[in-house]
Amino acid sequence: MGLALPCRGGDAGRPPTSLEHRMMEKHGSSCGRGSMLVISAPSGAGKSTLVRRLIALLPDLVFSVSHTTRRQREGEKEGQDYFFVTRRRFESMIAADEFIEWAEVFGHLYGTSKAQVEKILVDGRDVLLDIDVQGHQQVRKRLHDALSVFILPPSFEELKRRLTERHSDSPQDVERRLTAACQEISHWPEYDYLVVNDRLARATEALRAIVQTGRLRRQIQAERAEEICRTFGG
Ligand code: ADP
Ligand code: 5GP
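Engineer: How should the side chain of Thr68 be read in this particular structure?
Structural biologist: By secondary structure assignment, the location of Thr68 is in strand S3 (residues 66-68). By relative accessible area, Thr68 is classed as buried at 0%. In contact with Thr68, other than residues within four places in its own chain, are Tyr82, Phe83, Phe84, Val85, Phe90, His108, Leu109 and Tyr110.

The following block contains the structure:
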């Protein structure tokens, strides 16, 4: 089954929740002192590899661990890669409005917990969300300061090669992911930045530059600027 489009996730059209209001009122932005970076890419483009490298380079950037109903893969750690939950538990979290966004991808549910993201942002750290295009559409509508990056592979052939040589999916799964990729890549214009993952070092550097430039945005530095202005007696 391909990606479930149009959006089957949370209700992106609804008004902001109390958490979102609180974050906006408290900090003058949806992101508190920390900021939010959303990264999306078709499966196999190298997103996990890039995210690992970026997190290792930037200690104040924290990976948001999603909840999912899919099965744990070999080598994945509970609470580190995902929180693996039953569909029933996931649905009760939806009912309790515990997600910033959620979506169904490849037949499984995935969601970003509000509590977790709020904790990271309130600590003044930046949070990185590795979510699909449906999740990004929801975040975009609710948290206007979130920065987003779409990662493209250099070509279809290279994506196929990476998926095949990763040896983590059956040939049918590879086909399914390639079919979904054709749809997913059409969403790249919805993102603030585009990074082509041709060479790993270059793509990692581009992501680092995006995070660092994001930290210099006026709204992110407002508190600091006001403190400095106060020393002028203003
Ligand atoms: P994703 O998380 O997007 O599904 P992965 O990070 O698992 O993708 O990468 C897919 C495969 O491609 C992995 O085997 C990874 O080592 C390889 N890969 C990632 N980036 C590059 C790159 N720039 N050049 C060559 N191979 C890459
Ligand atoms: P995988 O199962 O291969 O780890 O991830 C499949 C897809 O689900 C990827 O595109 C990934 O970005 C996306 N995904 C992971 N976590 C979330 C989430 O919390 N929300 C949404 N919307 N997508 C997610």
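There's more to say after this.
Engineer: Before we go on, may I ask you to explain the site of ligand 1 in this structure?
Structural biologist: The environment of ligand 1 is formed by 14 residues, the closest being Gly44, Lys47, Ser48, Thr49 and Arg166. Thr49 places a side-chain nitrogen or oxygen 2.5 Å from an oxygen atom of ligand 1. Elements with a minimum of two residues in the shell around ligand 1: helix H2 (47-57) and helix H6 (156-166). Here the shell around ligand 1 takes three residues from H2, the largest share from any one element. Here the residues of the shell around ligand 1 are counted per class, giving three nonpolar, six polar and five charged.

Engineer: Which parts of the structure should I look at to understand the environment of Ile220?
Structural biologist: Of note, Ile220 is situated in the loop between helix H8 (200-215) and helix H9 (222-230). Among the residues examined, Ile220 registers a relative accessible area of 14% and is labelled buried. Residues Ile220 and Gly34, 186 residues apart in the sequence, show an inter-C-alpha distance of 7.4 Å.

Engineer: Any chance you could explain the sheet that holds strand S6 (residues 108-113) here in plain terms?
Structural biologist: One key point about sheets: their strands pair by backbone hydrogen bonds, in either a parallel or an antiparallel sense. Read from one edge to the other, the open sheet built from four strands follows the order S4-S3-S6-S5, with strand pairing classed as mixed. Of all the strands in the sheet, the pair left with one neighbour each is strand S4 (82-84) and strand S5 (99-105). Geometrically, the sheet is characterised by an average inter-axis angle of 25° between neighbouring strands, direction not taken into account. Both S3 and S6 contribute to a ladder of two bridges, which runs antiparallel. Along S6, the bridge assignment pairs His67 with Gly111. Seen against the sheet, helix H3 (residues 87-95) touches S3, S5 and S6 and runs at an angle of roughly 140° to S5. Its contacts with the sheet place helix H4 (residues 114-122) against S4, S5 and S6, and it is angled at close to 35° to S6.

Thresholds, definitions, all that
The numbering scheme is per chain: residues are counted from 1 as the chain's sequence reads. Naming scheme: in the order in which they are written, chains are lettered from A and ligands are numbered from 1. Reporting of local features is limited, given that this is a predicted model, to residues whose pLDDT is at least 70; pairs of side-chain atoms are given and counted only at 80 or more, and all residues count toward the totals for whole chains, interfaces and linings. Side-chain numbers here rest on the full set of heavy atoms in the structure, without hydrogens or water. Strands are runs of DSSP state E lasting at least 2 residues, helices are runs of H or I lasting at least 4, and numbering of each runs from the N terminus. Note on classification: 1.4 Å probe, protein chains only; a residue is buried when its accessible area is under 20% of the maximum for its type, exposed when over 50%, partly exposed between these limits. Throughout, a contact is declared for two residues whenever any of their heavy atoms are within 4.5 Å. By convention in these notes, a residue is near a molecule or strand provided one of its non-hydrogen atoms lies within 4 Å of it. The term polar contact refers here to a pair of N or O atoms within 3.5 Å; inside protein, the definition further demands a hydrogen-donor-capable atom paired with an acceptor-capable atom, and it admits residues adjacent in sequence only when both atoms are side-chain atoms. Residues were grouped as follows: Ala, Val, Leu, Ile, Met, Phe, Trp, Tyr, Cys and Pro as nonpolar; Asp, Glu, Lys and Arg as charged; and all remaining residues, including Gly, as polar. In this scheme, strands are said to pair when DSSP sees at least two bridges between them. For helices, the fitted line uses only the C-alpha atoms of the stretch in contact; every axis is such a line through C-alpha atoms, and the angle between N-to-C directions lies from 0 to 180 degrees.

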